[in-house]
Amino acid sequence: MRYLLVLTVAVAACDRAPHGSASAAVTADTSFRAPDGSAVPGGELGRSIRRGHAILAATRDSLPSHVGSTLRCTSCHLGDGRQKDAIPLTGAYARYPRYGARAAAIQRIEDRINDCLLRSLNGSALAFDDPAMRDIVVYLAFISRGVPVGDTGRGVPGGPAAGDAVAGAQVFRSHCARCHGAEGAGIAPVPPLWGSRSFNIGAGMARVRTAAAFIRHNMPLDRAGSLTDLDALNVAAYVTSRPRPDFAGKERDWPRGDAPPDAPYTTLGGRRSPQ
Ligand code: HEC
Ligand code: HEC
């Protein structure tokens, strides 16, 4: 796939520029095995799995009218949604339907996919019976095979709900700007971290805890795991303090008053006290 090839080349270039030598841990993912001919069943089901996989990896090209950012699903769900500690989607199919506190409603997996389209991709929802939605669900079901229904998953681990954005700006300049750009706007195909083409304020990644956990485990992409907990927290505080698109209706999130301490906006229901 041309897009993926370009990305690999760009990341390799990022890696070489400031350090001179190619790192052994260059790629985002070492555990993922792309569904190959032996794992993916044949026939119509196999074609649907492959289309779903392609939508996750080239979301904007696949769904131009539903994506408002320059991110793709696998900008965050690294390794085609199968990478440990990178918000894995493996098993997601077995976790729905379930209650979601942010919506205070039972969510089907299609609702949860639409949450990411609306917030993480700053786009618009797909109809449940849209063929693209069906293909996404089919792919998620495929990578959830063997996971028991009712699996609760790992989720994003907790941690401090606030960091030092001033200290984080320095971490950003030293460790992130070479790929994501000095203004966080991304250098295609590396996605933006803030600004008009990024995820919106309603996205999970706009929360300090979620961003810190993702960054701690996965960024810098070519040196995953190299930041200290404090540097990851502070750079997450900096990134989440930067301007990004609004999300209309965000004040209606967590209507039962259980907004987490790092929710980056005020809700009508109020928030839990920091723990
Ligand atoms: C900006 C980062 C980002 C992007 C882009 C993104 N997501 Fe997500 N996604 C998240 C975060 C954060 C969560 C919440 C993880 C948690 O609650 O533990 C999540 C959760 C999910 C879940 C629920 C997982 C579970 O086990 O409950 C699904 C399904 C999902 N995303 C699908 C998608 C799809 C499909 C796309 C592309 C259309 C997408 N996401 C794009 C960040 C992102
Ligand atoms: C070697 C290049 C590189 C470096 C350095 C790097 N990133 Fe990334 N980052 C990427 C790429 C590429 C992606 C998207 C992965 C994909 O599409 O497969 C990404 C994705 C992300 C995402 C989720 C998607 C988005 O755009 O919001 C966040 C958050 C992020 N990086 C934060 C950081 C932070 C913070 C640092 C510094 C500590 C950093 N990155 C350093 C290349 C890099």
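The structure contained in this document is the topic of the report that follows. It should be emphasised that the depicted structure is a prediction, and the values quoted were computed from it without experimental measurement.

1. Things to note about the site of ligand 2
Alright, step 1. Taken together, 27 residues surround ligand 2, and among them Cys-176, Cys-179, His-180, Pro-192 and Met-219 come closest.
Alright, step 2. Contact distances for ligand 2 include 3.0 Å between an oxygen atom and a side-chain N or O atom of Arg-72.
Alright, step 3. Pro-192 has a polar backbone atom sitting 2.6 Å from an oxygen atom of ligand 2.
Alright, step 4. Broken down by secondary-structure element, the contributors of at least two residues to the shell around ligand 2 are α1 (2-19), α4 (73-76), α9 (177-180) and α10 (208-218).

2. Some details on the coordination of the iron atom of ligand 1
Alright, step 1. Every protein donor of the iron atom of ligand 1 is listed here as His-77 (NE2) and Cys-116 (SG), and their distances to the metal cover 2.0 to 2.3 Å.
Alright, step 2. Around the iron atom of ligand 1, the six donor atoms are arranged such that angles at the metal cover 87 to 178 degrees; this shape is classified as octahedral. Taken as a pair, His-77 in the loop between α4 and α5 (78-81) and Cys-116 in helix α6 (residues 109-120) lie far apart in primary sequence, 39 residues in all.
Alright, step 3. With a relative accessible area of 22%, Cys-116 lands in the partly exposed category.

3. Things to note about the packing of aromatic side chains
Alright, step 1. The tally for this structure, following the rule as stated, stands at four aromatic pairs.
Alright, step 2. The interplanar angle of 50 degrees and the centroid separation of 5.7 Å between the aromatic rings of Phe-172 and Tyr-238 together place this pair among those described as tilted. Taken together, the positions of Phe-172 in helix α8 (residues 165-175) and Tyr-238 in helix α11 (residues 229-241) put the pair 66 residues apart, joining distant regions of the chain.
Alright, step 3. Residue Phe-172 is classed as buried on the basis of its relative accessible area, which comes to 1%.
Alright, step 4. Residue Tyr-238 is classed as buried on the basis of its relative accessible area, which comes to 13%.
Alright, step 5. Their ring planes at 85 degrees and their centres at 5.5 Å tell us that Trp-194 and Tyr-238 sit as a pair that is edge-to-face. With a gap of 44 residues between them, Trp-194 in the loop between α9 and α10 and Tyr-238 in helix α11 connect regions that are remote in the sequence. Grouping residues by exposure puts Trp-194 and Tyr-238 together as buried.
Alright, step 6. Sitting above the plane of the Trp-194 ring, Arg-242 keeps its charged end 5.4 Å from the centroid.

4. Observations concerning the coordination of the iron atom of ligand 2
Alright, step 1. Every protein donor of the iron atom of ligand 2 is accounted for by His-180 (NE2) and Met-219 (SD), and the metal-donor separations fall at 2.0 to 2.4 Å.
Alright, step 2. Here the iron atom of ligand 2 binds six donor atoms, and the angle range of 86 to 179 degrees at the metal identifies the geometry as octahedral. Of this pair, His-180 sits in helix α9 while Met-219 sits in the loop between α10 and α11, and the two are 39 residues apart along the sequence.
Alright, step 3. Given the relative accessible area of 17%, Met-219 is considered buried.

5. Considerations on the side chain of Asn-200
Alright, step 1. Mapping Asn-200 onto the fold places it in the loop between α9 and α10.
Alright, step 2. A polar side-chain atom of Asn-200 sits 2.9 Å from the main-chain amide nitrogen of Gly-202.
Alright, step 3. If we ignore the near neighbours within four places in the chain, the residues touching Asn-200 are Leu-118, Arg-119, Asn-122, Ala-206, Arg-244, Pro-245, Asp-246 and Phe-247.

6. Thoughts on α10
Alright, step 1. The buried fraction of α10 amounts to nine of the eleven residues, a majority that puts the element mostly inside the structure.
Alright, step 2. Of the residues making up α10, those classed as buried are Val-208, Arg-209, Thr-210, Ala-211, Ala-212, Ala-213, Phe-214, Ile-215 and Asn-218.
Alright, step 3. The secondary structure elements touched by the buried residues of α10 are α4, α5 and α11.

7. Describing the site of ligand 1
Alright, step 1. Taken together, 24 residues lie around ligand 1, and Cys-73, Cys-76, His-77, Tyr-96 and Cys-116 are the ones closest in.
Alright, step 2. The contact in question runs from an oxygen atom of ligand 1 to an N or O atom on the side chain of Arg-95, over 2.8 Å.
Alright, step 3. Mapped onto the shell around ligand 1, the elements with two or more residues apiece are α4, α6 and α7 (131-142).
Alright, step 4. A per-class count over the shell around ligand 1 returns 16 nonpolar, four polar and four charged.
Alright, step 5. Counting residues domain by domain, the shell around ligand 1 receives three or more from each of domain 1 (32-142) and domain 2 (165-252).

8. Quick look at the packing of helix α2 (residues 43-57) against α7
Alright, step 1. Between α2 and α7, the least distance of the axes is 7 Å, while the angle of their chain directions is 100 degrees. As the angle between them shows, α2 and α7 are arranged roughly perpendicular. Contacts between α2 and α7 pair Leu-45, Ser-48, Ile-49, Arg-51, Gly-52, His-53, Ile-55 and Leu-56 from the former with Ala-132, Arg-134, Asp-135, Ile-136, Val-138, Tyr-139, Leu-140 and Phe-142 from the latter.
Alright, step 2. Each residue belonging to the contact of α2 with α7 can be placed in one class, and the counts come to ten nonpolar, three polar and three charged.

Scoring rules and cut-offs
- Residues numbered from 1 in each chain as written.
- Chains lettered and ligands numbered in written order.
- Predicted model: local features only at pLDDT ≥ 70, side-chain atom pairs only at ≥ 80, totals over all residues.
- Heavy atoms only, no water.
- Near = heavy atom within 4 Å.
- Polar contact = N/O pair within 3.5 Å; in protein donor to acceptor, adjacent residues only side chain to side chain.
- Helix = DSSP H or I, 4+ residues; strand = E, 2+ residues; numbered from the N terminus.
- Donors = N, O, S within 2.8 Å, 3.2 Å for Na, K, Ca; no water.
- Tetrahedral: all angles 85-135°; square planar, octahedral: opposite > 155°, others 65-115°.
- Buried < 20%, exposed > 50% of the residue type's maximum accessible area, 1.4 Å probe, protein only.
- Phe/Tyr/Trp six-rings, centres within 6.5 Å; stacked < 30°, edge-to-face > 60°.
- Lys NZ or Arg CZ within 6 Å of the ring centre and 35° of its normal.
- Contact = heavy atoms within 4.5 Å.
- Nonpolar A, V, L, I, M, F, W, Y, C, P; charged D, E, K, R; others polar.
- Domains from an automatic or database assignment.
- Axes fitted to C-alpha atoms, helices over the stretch in contact; angles between N-to-C directions.
- Parallel < 35°, antiparallel > 145°, perpendicular 65-115°, else oblique.

Remember, this is a structural readout, not a statement about activity or role.
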